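Inside the fold
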Amino acid sequence: MTAAQRISNALVFSGRNGLDFIDLRTSVLRIPEVTIRIRQAQSVLDTLDLPKVDLFNVISSDDETFFRNIKLKSLAAAVVQIGLFDRYVKNQRRPDFMIGNSNGDSAMLVCAGLMTFEEMVRNSQAVETLKPQNVIPLGAPAAIELVVQAAPLLSGLSLTEFRAIEAVQTENGLTYATSGEGAMDLKKVVSNLFSERSVERFINLGPAAAVMTSEYKAISEDIEAIDSIELDPMLGWFWSGVRTSPSALAQ
């Protein structure tokens, strides 16, 4: 197949809900590229004037604990997705398009080179929730216990805006730039790429899909939906430890 005939693809980031199953969180922690990114994020957090929080413990915690602080959950999910992207581009060509949230903890913008990893962590809304005046009442126990035991922290969470960005070949190499308008509905961005840019292959980054197979097919039967984990020949072990099957997640 020539470059002109090659099917355009788009990598779809799962956003803050990409780690909603404990089995998935346990399995992704075994992926080296994910571990590296978690350590990098931990190093950034450790430089800030915050109570100690251990991202590994946060991600490996049970579902009830993990959902306690939705802003910390959002940051953790973004960090993991960046690690999964690092893994993806080691084995696959860089995507023609990326789709994901363009505000908040945007793994997509980091992977596109439009924001640095450190900027994403430092500017995360999760940082505010970790500050002592927000999470530690007088006589309270350790900060990490408050983070995971407090009532869910939902206030101030930004409404998610989704956007597509496109790969552009320049004399300095491949770069990414925004493509089209943002939308509050991720499926609308997918539909626009299919109808206006003839993108037929959508790759869900990670095991939990932001757009289900049935939702892709509702847009067009010609769309091919793939999971990035299943594309990696070295991650054949991944689903063996996950009680929630890939087919169930993709429905």
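Position of Ile-203 relative to the elements: it lies in strand S5 (residues 201-205). Between the C-alpha atom of Ile-203 and that of Ser-228, which follows or precedes it by 25 residues, the distance is 6.1 Å.

The next thing to look at is the packing of helix H2 (residues 32-47) against helix H5 (residues 70-91). It is at 8 Å that the axes of H2 and H5 come closest, and there the two elements cross at 140°. It follows from the interaxial angle that H2 and H5 lie oblique. In terms of crossing hand, the pair formed by H2 and H5 is right-handed. When H2 is examined against H5, the residues Pro-32, Glu-33, Val-34, Arg-37, Ile-38 and Ala-41 are found in contact with a partner set consisting of Val-79, Val-80, Ile-82, Gly-83, Leu-84, Asp-86, Arg-87 and Lys-90. The class makeup of the residues in the contact of H2 with H5 is eight nonpolar, one polar and five charged.

Our next topic: the pairing of strand S3 (residues 162-170). The side chains of a regular strand alternate, residue by residue, between the two faces of the sheet. Across five bridges, the pairing between strand S2 (residues 97-101) and S3 is antiparallel. Looking at S3, one finds that Phe-97 is bridged to Glu-166. Pairing geometry for S3 and strand S4 (residues 173-183), over eight bridges, is antiparallel. Bridge pairing in S4 places Glu-166 opposite Ala-177. Between S3 and S4, which follow one another and run antiparallel, lie two residues.

A separate point is the packing of aromatic side chains. Considering all chains together, one arrives at five aromatic pairs under this definition. Ring centres of Trp-237 and Phe-238 lie 5.8 Å apart, and the angle between their planes is 45°; this geometry places the pair in the tilted category. Looking at Trp-237, the relative accessible area reads 24%, which means it is partly exposed. Members of the aromatic cluster, joined through ring pairs, are Trp-237, Phe-238 and Trp-239. It is Arg-30 that lies over the ring of Trp-237; its NZ or CZ is 3.9 Å from the centre.

In this model, H2 (16 residues) spans 23 Å end to end at C-alpha, consistent with the 22 Å of a helix rising 1.5 Å per residue. Residues Glu-33, Val-34, Thr-35, Arg-37, Ile-38, Ala-41, Gln-42, Val-44 and Leu-45 constitute the buried set of H2. In this fold, the buried residues of H2 make contact with helix H1 (22-28), helix H3 (55-60), H5, helix H7 (117-122) and helix H8 (125-130).

Peptide bonds are trans in most cases, and residues, glycine excluded, mostly fall at negative phi. The backbone of Ser-198 shows a phi angle near 60°, a positive value even though the residue is not glycine. Looking at the secondary structure, you find Ser-198 in the loop between helix H11 (186-197) and S5.

Let us look at the environment of Arg-25. With respect to the helices, strands and loops of the structure, Arg-25 is situated in helix H1. For Arg-25, a relative accessible area of 0% gives the class buried. Put simply, Arg-25 and Ser-61 are 36 residues apart on the chain and 8.6 Å apart in space, counted from C-alpha to C-alpha. For Arg-25, the residues in contact, after removing those within four places along its chain, are Leu-19, Asp-20, Ile-59, Ser-61, Asp-62, Asp-63 and Phe-66.

Each value, and the rule that gives it
Residues numbered from 1 in each chain as written. Predicted model: local features only at pLDDT ≥ 70, side-chain atom pairs only at ≥ 80, totals over all residues. Heavy atoms only, no water. Helix = DSSP H or I, 4+ residues; strand = E, 2+ residues; numbered from the N terminus. Axes fitted to C-alpha atoms, helices over the stretch in contact; angles between N-to-C directions. Parallel < 35°, antiparallel > 145°, perpendicular 65-115°, else oblique. Left-handed = near helix turned anticlockwise from the far one by under 90°. Contact = heavy atoms within 4.5 Å. Nonpolar A, V, L, I, M, F, W, Y, C, P; charged D, E, K, R; others polar. Pairing = 2+ DSSP bridges. Phe/Tyr/Trp six-rings, centres within 6.5 Å; stacked < 30°, edge-to-face > 60°. Buried < 20%, exposed > 50% of the residue type's maximum accessible area, 1.4 Å probe, protein only. Lys NZ or Arg CZ within 6 Å of the ring centre and 35° of its normal. Expected span 1.5 Å × (residues − 1).

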